[in-house]
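Here are the chains, one letter per residue:
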Amino acid sequence: MQRVAQAEPRQNVCLNGMWKLAVEGEAGLCDVRVPGSFSGQNKLWGREHWNTWDYPERWFNKAAVVYRTMFVPDALAGKRVLIRFNGVRHMVRVSVNGREVGTWADSYVPFSFDITDLVNPGENKLAVHIGAEATCGLYEDDNSNRRGIYRDAFLQVVPELRVDDDVHLRTLLREHRIHYLLPLRNDSKTTRHVKLRFRVTNPEGVSVLQWADDRVHTVQSLEKRCVEVSKDWNNPHLWSIDDPYLHHIHTDVVDADTGDVIDHHQLRFGFREITWAKAKLYLNGEELYLRGNGDHPLGDLEGGKPFAEAMIRKLKSLGVQCMRMHNLPRHQEMYEAGDELGFMYFSEASHHFRLPDPEFAKAHMARLVTYLRNHPCVLAWSVSNELHWRKIEEPKYLIDVCRENDPTRPAFASDFTAWSLHGDLISRHYCAEMIWDEWVKHGNEKPMIWDELGDVWQHDRNLDTGPAGYEIYGQDVATGIYRDGMDIVRFLKEFSYGREIDGEFRRVTCYVPWEFGYNFFRFLPFNNMNKMYQKYDALDQPGGIRIDSVPPCGNTTNIWDPTLPAFQPNPALYCFKDYLECVR
């Protein structure tokens, strides 16, 4: 059992590892790995090609309870104890020592509960009750079949007065400064008076900027208040796609009377600025023309950071610089890898074809933006996907939510152009020959992105014939991939050449073909077409899902089988490889 150290103001223990599972209607308890999906991965897209677990199929759509014990330290004076989950699908109720802590119904963002009054020093029992529902009220594609604690879980011991999670650091290049919004939370029974000290370090840990805020901030008992701090910063080392340079900002919360450090908080960030004007999108003042990947993820198979890093390296090696995260916010490790490797994302809410109640939709959108807004890799917010199919109006109110919580990035609704009018970008799905006319008709003062195209998805393939199926798919026979590649080439020429509109030369800012990272690469025959079981030094460390096994031909990105390359292009890739070269 892992114990929490007792030196720093904040103490953190990862609860990943083997938990016990009780499934509705099943006798006894069994072992289950956290993070991971105990149900639904073998239903992904109606196929078994991506099943990474050996859990019984009869668990599908059954409620369950996941259990474990956890150790709480003795010295808790002036501290609060929190339980944090980075993601659980879908309807959740948490209890500690048999007493309910709270419920949660947003599968795609982290949440935490204060359990201070329910725990005892030493061993405590934690239970997570997971309902049988296939959605929390939000809508995505077939990934919704998965259920379980599918992201990292933590026990946290924090000061009663502390910097809360929803900080927002804005890096303002044109103004040569940083602007920091820090929520101070006081869970104690007394009013506290504090000062703040700041230090920015580079990747080597060397201080490059430091200052003290001389104001005394008074935080009432049980109050949460936001403090705003600005600091000039000339000539910072910028974060970019080609040079993803990262800093840390360290904040000390100091007792104004005694000088003692009450809390220490740190945040990793990249100094970069996204701007848009006159139909152009800029990163650090340089106009962007981006090649992208439209992604339907393959569930738990892609849940850890090593996979995220390998996939990004594959795409960047071919000139792809961004990804549209279609209707599914990803795990924390995907954004961390994007920050570190210089890869950008259109981050999209789980509003796929449908919307929940407006208040729930606004809450989900606000939580998503708050969760991700300090990642430099996030390029823009997409509030929904193709709502017009169900005659739902473009949700301008969700675009407004994005602007309220993060005015530093563009926000838009991803759809056909006539239903993508109220955002900071204008979107087009498919039918690229209509882009120019629709750009003129609906808003040529905004940047245009072609963020959905192509007719072949990775889950259209048929591998039921084993090795023969791999060869069929590998040679692009009867899949339409060659046709799809040539169709993309036809419009890439328009994308690359641009056109004059109202006397000004224009290019579409970004194009995002469906499943580029899958369809134009071979699904590799891992372990000579046999299931490949994985071994790990430890399961109790953070970093995302550690799968049980890799199915044969389960992915086009290889981090598992040393006898195979990291990736292998299909012949169809060469139809348009030249058009993947970066445009400046």
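Residue positions within a chain follow its written sequence, with the count starting from 1. It should be noted that, the model being predicted, local features are given only for residues of pLDDT at least 70 and side-chain atom pairs only at 80 or more, the latter also being counted only at that level, while totals for whole chains, interfaces and linings use all residues. With hydrogens and water set aside, each side-chain value is computed from the structure's full complement of heavy atoms.

**So, the pairing of strand β26 (residues 344-348)**
Then step 1. To sort residues, take the accessible area from a 1.4 Å probe on protein chains only and compare it with the maximum for the residue type: under 20% means buried, over 50% means exposed, and anything in between is partly exposed. Put simply, DSSP H or I for four residues or longer makes a helix, DSSP E for two residues or longer makes a strand, and each gets a number counted from the N terminus. A large share of β26 lies buried, amounting to 5 of its 5 residues.
Then step 2. Across the two faces of β26 the burial is the same, with Met-344, Phe-346 and Glu-348 and Tyr-345 and Ser-347 all buried.
Then step 3. The crossover handedness rule: strands pointing away from the viewer, path from first strand over the helix to second strand clockwise, crossover right-handed. Once the chain exits strand β25 (residues 322-325) it traverses helix α2 (residues 332-341) before rejoining the sheet at β26, and the crossover so formed is right-handed.
Then step 4. With helix α3 (residues 358-372) bridging β26 and the parallel strand β27 (residues 378-385), this β-α-β connection has right-handed handedness.

**Focus: the state of the cysteines**
Then step 1. Criterion for a disulfide: a pair of cysteine sulfur atoms at a distance within 2.5 Å. Inspection of the entire model under this criterion finds 0 disulfides.
Then step 2. Residue Cys-226 stays outside any disulfide, its sulfur separated by 19 Å from that of Cys-402, the closest cysteine.
Then step 3. Its relative accessible area of 44% is what places Cys-226 among the partly exposed residues.

**Description of the environment of Gln-568**
Then step 1. For Gln-568, the position within the fold is in the segment after β35 (549-550).
Then step 2. Judged by its relative accessible area of 28%, Gln-568 is partly exposed.
Then step 3. Measuring from C-alpha to C-alpha, the distance between Gln-568 and Phe-523 comes to 8.3 Å, with 45 residues separating the pair along the chain.

**Considerations on unusual backbone geometry**
Then step 1. Cis peptide bonds are those with omega within 30 degrees of zero, and the linkage from Val-34 to Pro-35 qualifies with 0°.
Then step 2. Structurally, Pro-35 can be placed in the loop between β3 (30-34) and β4 (64-72).
Then step 3. Residue His-90 follows Arg-89 across a cis peptide bond; omega there is -10°.
Then step 4. Tracing the backbone through its elements, the reader meets His-90 in the loop between β6 (88-89) and β7 (92-96).
Then step 5. With a phi angle near 50°, Asn-97 is a residue other than glycine that sits in the positive phi range.
Then step 6. Backbone geometry places Met-529, a non-glycine residue, at a positive phi of 65°.
Then step 7. Following the sequence through the fold, Met-529 ends up in helix α9 (residues 526-529).

**Brief notes about the nonpolar core**
The nonpolar side chains of soluble globular proteins are, as a tendency, buried together.
Then step 1. We define a nonpolar core as any set of buried Ala, Val, Leu, Ile, Met, Phe, Trp, Tyr and Cys residues linked to one another through side-chain atoms lying within 4.5 Å. With 106 residues, the main nonpolar core has Trp-19 and Phe-85 as its most contacted residues.
Then step 2. The element best represented in this core is α3, accounting for 6 residues.
Then step 3. Not counting the four nearest positions on each side in its chain, Trp-19 is found in contact with Cys-30, Asp-31, Val-32, Val-34, Val-66, Tyr-67, Arg-68, Phe-85, Leu-126, Val-128 and Ile-149.
Then step 4. In terms of nonpolar packing, the next biggest core, distinct from the first, is built from 25 residues, Leu-161, Ile-178, Leu-182 and Leu-184 among them. Should any heavy atoms of two residues lie within 4.5 Å, those residues are counted as being in contact.

**Looking at the pattern of salt bridges**
Then step 1. When a carboxyl oxygen of Asp or Glu is within 4 Å of a side-chain nitrogen of Lys or Arg, the pair counts as a salt bridge. Under the definition given, this model contains 35 salt bridges.
Then step 2. For the salt bridge of Asp-54 with Lys-531, the shortest nitrogen-to-oxygen distance reads 3.0 Å. Here Asp-54 is found in the loop between β3 and β4, whereas its partner Lys-531 is found in the loop between α9 and β34 (532-533), with 477 residues between them in sequence.
Then step 3. Overall, Asp-54 belongs to the partly exposed group, its relative accessible area being 44%.
Then step 4. Between Asp-165 and Arg-84 there is a salt bridge, and its shortest N-O distance comes to 3.4 Å. Of the two residues, Asp-165 sits in the loop between β13 (161-163) and β14 (168-172) while Arg-84 sits in strand β5 (residues 79-85), which places them 81 residues apart along the sequence.
Then step 5. Judged by its relative accessible area of 47%, Asp-165 falls in the partly exposed class.

**Some details on the side chain of Asp-263**
Then step 1. With respect to the helices, strands and loops of the structure, Asp-263 is situated in strand β20 (residues 261-269).
Then step 2. Relative accessible area serves as the criterion here: at 0%, Asp-263 is assigned to the buried category.
Then step 3. The term polar contact refers here to a pair of N or O atoms within 3.5 Å; inside protein, the definition further demands a hydrogen-donor-capable atom paired with an acceptor-capable atom, and it admits residues adjacent in sequence only when both atoms are side-chain atoms. Among the polar contacts listed, one links the side chain of Asp-263 to the side chain of Arg-10, at a separation of 2.8 Å.
Then step 4. With residues up to four places along the chain from it excluded, the contact list for Asp-263 reads Pro-9, Arg-10, Pro-159, Leu-161, Arg-162, Val-163, Thr-251, Asp-252 and Val-253.

**A short note on the side chain of Glu-394**
Then step 1. With respect to the secondary-structure elements, Glu-394 resides in the loop between β27 and α4 (396-405).
Then step 2. Of the polar contacts made by the side chain of Glu-394, one reaches the backbone nitrogen of His-422; its length is 2.9 Å.
Then step 3. Setting aside chain neighbours within four positions, we find Glu-394 in contact with Ile-399, Ala-413, Trp-419, Ser-420, Leu-421, His-422 and Gly-423.

**As for helix α5 (residues 435-442)**
Then step 1. Buried within α5 we find Ile-435, Trp-436, Glu-438 and Trp-439.
Then step 2. One or two residues past the end of α5 sits Gly-443, with phi positive at roughly 155°.

**Looking at the sheet that holds strand β17 (residues 207-219)**
Then step 1. In this analysis, strands are considered paired if DSSP registers two or more bridges between them. Ordered in space as β17-β16-β19-β20, the 4 strands form an open sheet in which the pairing is antiparallel. Edge strands, defined here as strands with exactly one partner in the open sheet, are β17 and β20. For this sheet, the mean angle separating the axes of adjacent strands, direction not counted, is 15°. Note on definitions: angles span 0 to 180 degrees between N-to-C directions of axes, and those axes are lines fitted to C-alpha atoms, for helices only across the stretch in contact.

**A few points about the packing of aromatic side chains**
The geometry of two aromatic rings is summed up by the distance between their centres and the angle between their planes.
Then step 1. A pair of Phe, Tyr and Trp rings is counted when the ring centres sit within 6.5 Å of each other, with Trp represented by its six-membered ring. The angle between the planes then sorts it: under 30 degrees is stacked, over 60 is edge-to-face, the rest tilted. Enumeration according to the criterion identifies 22 aromatic pairs in this entry.
Then step 2. On the numbers, 5.3 Å between centres and 85° between planes, the contact of Trp-233 with Phe-271 is edge-to-face. Taken together, the residues span a long stretch of sequence, with Trp-233 in the loop between β18 (224-232) and β19 (247-255) and Phe-271 in the loop between β20 and β21 (274-277) at a distance of 38 residues. Phe-271 carries the same exposure label as Trp-233, and that label is buried.
Then step 3. Ring centres 5.6 Å apart and planes at 80° place the aromatic pair Tyr-335 and Tyr-345 in the edge-to-face group. You can see Tyr-335 sitting in helix α2 and its partner Tyr-345 sitting in strand β26, a full 10 residues away along the chain. For the pair shown, Tyr-335 and Tyr-345 are each scored as buried.
Then step 4. Pairwise contacts between aromatic rings join Phe-85, Trp-104, Phe-111 and Phe-113 into one cluster.

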